[in-house]
Amino acid sequence: MRLDKFISTTTTLSRAEAKKIIKKGVLINNILVKSPDYKVDELSDQVIVNGERLVYQKYIYIMMNKPKNVVSATEDAVEKTVVDILEEKDRIHKVFPVGRLDKDTEGLMLLTNDGELAHKLISPKKDVEKKYYVEVSGKLKDEYIELVENGIIIDGGYKCKSARLEILESNEEKSRASIFITEGKFHQVKRMMKALGTTVTYLKRLSIGSLKLDENLKLGEYRYLTEKELKNLNK
């Protein structure tokens, strides 16, 4: 990798800013280098800038507890995005949200620059289960469990894939439940609840496959995945 690209990839500096620093000299394996097109072995070479060693990461994986009023996108001309929440040192990796959550939906959001893993997690063919906690106005009846399992038909005539509904509390005014789905159609959980005669008042994603939302993360907070979490996701 070119030295200027290496520096811009591992810092918040642009390529142009990196070249200015290189002109003054950068230590690579204790040798002073002033050429921006110098080839760096990003995995083994020791590159020192301003007294600090730069560490290259090809892929990064971030777990976020997404708050309401934030859109699942890398950029938006009007709305705040999940990427906007990240500190600048984390945005330099050009991460993107894996799948999407509605603007008013909270919970687990995975951000990465690993396209292969992202495809694996959101492809309907992979049947990766996502768990949501949902609150609705209206009663959730026991017979709805079988309807959801058999593939409920939502507006537009689409038949959803088999899903699981676990009713936690139910009365005429308000009900609470966990719902597990393996696809992610537009507003799917809300449309499924509507087909059951209820209206979603609160929705939160709790898991994607083996990855569970860290209960210690407050809304708007995030952290990098642990090695164990990443290993389990890649199984």
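For every chain, the first residue of its written sequence is number 1, and the numbers climb from 1 along that sequence. Local features are withheld for residues below a pLDDT of 70 in this predicted model, meaning they are given only at 70 or higher, and side-chain atom pairs are given and counted only at 80 or more; totals for whole chains, interfaces and linings count all residues. Side-chain metrics rest on all non-hydrogen atoms present in the structure, leaving aside hydrogens and water.

Explain the overall build of the protein chain residue by residue, including any values.
In this description a helix means any DSSP run of H or I spanning at least four residues, a strand means any run of E spanning at least two, and both kinds are numbered starting from the N terminus. When helices and strands are counted, the protein chain shows eight helices and 13 strands. Relative to its length of 235 residues, the protein chain is extended, with a C-alpha radius of gyration of 22 Å against a globular reference of 18 Å. Considered along the principal axes of its C-alpha atoms, the protein chain spans approximately 75 × 35 × 35 Å. A 1.4 Å probe rolled over the protein chains alone gives each residue an accessible area, and that area as a share of the maximum for its type sets the label: buried under 20%, exposed over 50%, partly exposed in between. Across the 235 residues in the protein chain, those meeting the buried criterion constitute 43%. Contacts: residue pairs with any heavy atoms within 4.5 Å of one another. Sequence-distant contacts in the protein chain: of pairs separated by 6 or more residues, those separated by 24 or more amount to 61%. Only the protein chains shown count as cover for residues, with accessible areas throughout obtained via the Shrake-Rupley method and a probe of 1.4 Å. Per element, the accessible surface of the protein chain, about 13200 Å² overall, is 48% carbon and sulfur. His is not counted, nor are the chain ends; Lys and Arg add positive charge and Asp and Glu add negative charge. Here the site of a charge means atom NZ of a Lys, CZ of an Arg, CG of an Asp or CD of a Glu. Computed over 43 positive and 37 negative side-chain charges, the separation of the two mean positions in the protein chain equals 4 Å. Each radius of gyration is computed over the set of C-alpha atoms, and the globule rule expresses the reference value as 2.2 Å times the number of residues to the power 0.38.

Lay out the pairing of strand S9 (residues 164–170) with the relevant residues and their values.
What makes two strands pair is DSSP finding at least two bridges between them. Note: S9 against strand S10 (residues 174–181), six bridges, orientation antiparallel. Residue pairing in the sheet places glutamate 166 in a bridge with serine 178 of S10. The loop that links S9 with its antiparallel partner S10 comprises three residues.

I'd love a proper account of unusual backbone geometry, names of residues and values included.
Of note, asparagine 30 is a non-glycine position whose phi angle comes to about 70°, a positive value. Mapped onto the fold, asparagine 30 is located in the loop between strand S1 (26–28) and strand S2 (31–33).

Provide a residue-level description of the environment of aspartate 76, including the pertinent values.
For aspartate 76, the location among the structural elements is in the loop between strand S5 (61–66) and helix H3 (82–85). Classification of aspartate 76 as partly exposed rests on a relative accessible area of 39%. When residues no more than four places from it in sequence are discounted, the contact partners of aspartate 76 are Val71 and Thr81. At a separation of 2.8 Å, a polar atom in the side chain of aspartate 76 contacts the main-chain amide nitrogen of valine 78. Here a polar contact means two N or O atoms within 3.5 Å. Within protein one must be a hydrogen donor candidate and the other an acceptor candidate, and residues neighboring in sequence count only if both atoms are side-chain atoms. From its side chain, aspartate 76 meets the backbone nitrogen of glutamate 79 in a polar contact 2.7 Å long.

Explain the UniProt feature "domain: RNA-binding S4" (unreviewed entry) in the protein chain to me, using residue names and the numbers behind them.
UniProt positions are given in the numbering used here, feature names are shortened, and annotations may be inferred rather than shown by experiment. According to UniProt, the "domain: RNA-binding S4" (unreviewed entry) feature falls on residues 1–60. Across residues 1–60 one finds 30% helix and 18% strand; the C-alpha atoms that close the span lie 18 Å apart.

Quick rundown of the pairing of strand S8 (residues 130–137)? Include the residues and the values.
Counted residue by residue, S8 has six buried out of eight residues, so it is predominantly covered. When S8 meets S10, the two strands line up antiparallel, connected through eight bridges. Across the sheet, residue glutamate 135 finds its bridge partner in S10, namely arginine 176. Bridge count for S8 against strand S11 (residues 199–208) is eight bridges, and the pairing is antiparallel. Within S11, the residue paired with valine 134 across the bridge is leucine 203.

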